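Breakdown of the fold
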Amino acid sequence: MGELQKIPGIGKTGELDLMKLGYTTIESLRGADPEEMYERECIEKGVKVDRCVLYVYRCAVYYANTPEAERNPEKLKWWNWKD
């Protein structure tokens, strides 16, 4: 298991997708823009990727930016990041 898979909602495929976008560590996600990440992935894949990916990216960036002791358990569920 890679470091990014420690983030709730990120499995092996999600980790590979993040790595293709240039995010190789949790630290590298700090300050990232989930909407920009999602749009870049859509462009790179040449299709409109399922919007759930955006929600997972929002969760991942929250995880990276929030100290462990301050993380809200409800915000660690990607489906709670829907529009």
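Residues numbered from 1 in each chain as written. Predicted model: local features only at pLDDT ≥ 70, side-chain atom pairs only at ≥ 80, totals over all residues. Heavy atoms only, no water.

Further remarks concern helix 2 (residues 34-45). With twelve residues, helix 2 ought to run about 16 Å at 1.5 Å a step, and its terminal C-alpha atoms sit 16 Å apart, in line with that. The complete set of buried residues in helix 2 reads P34, M37, Y38, E41 and C42. Seen from one end, helix 2 has its buried residues packed into an arc of 135°, which puts them on one side. The secondary structure elements touched by the buried residues of helix 2 are helix 1 (12-20) and helix 3 (52-65). The backbone nitrogen of E35 has a side-chain oxygen 3.0 Å away, supplied by the residue at the start of helix 2, namely D33. Positioned one or two residues after helix 2, G46 has a phi angle of 75°, which is positive. (Helix = DSSP H or I, 4+ residues; strand = E, 2+ residues; numbered from the N terminus. Expected span 1.5 Å × (residues − 1). Buried < 20%, exposed > 50% of the residue type's maximum accessible area, 1.4 Å probe, protein only. Arc of directions from axis to C-beta. Contact = heavy atoms within 4.5 Å. Polar contact = N/O pair within 3.5 Å; in protein donor to acceptor, adjacent residues only side chain to side chain.)

In the structure shown here, the tally under the stated rule is nine salt bridges. With a shortest N-O distance of 2.5 Å, D83 and R51 are connected by a salt bridge. Separated by 32 residues along the polypeptide, D83 in the segment after helix 3 and R51 in the loop between helix 2 and helix 3 bring together distant segments of the chain. Given the relative accessible area of 35%, R51 is considered partly exposed. The salt bridge partner of R58 is D83, with a shortest N-O separation of 2.8 Å. Separated by 25 residues along the polypeptide, R58 in helix 3 and D83 in the segment after helix 3 bring together distant segments of the chain. For D83, a relative accessible area of 62% translates into the label exposed. (Salt bridge = Lys/Arg side-chain N within 4 Å of Asp/Glu carboxyl O.)

Fair warning: the whole summary comes from geometry, so function is off the table for now.
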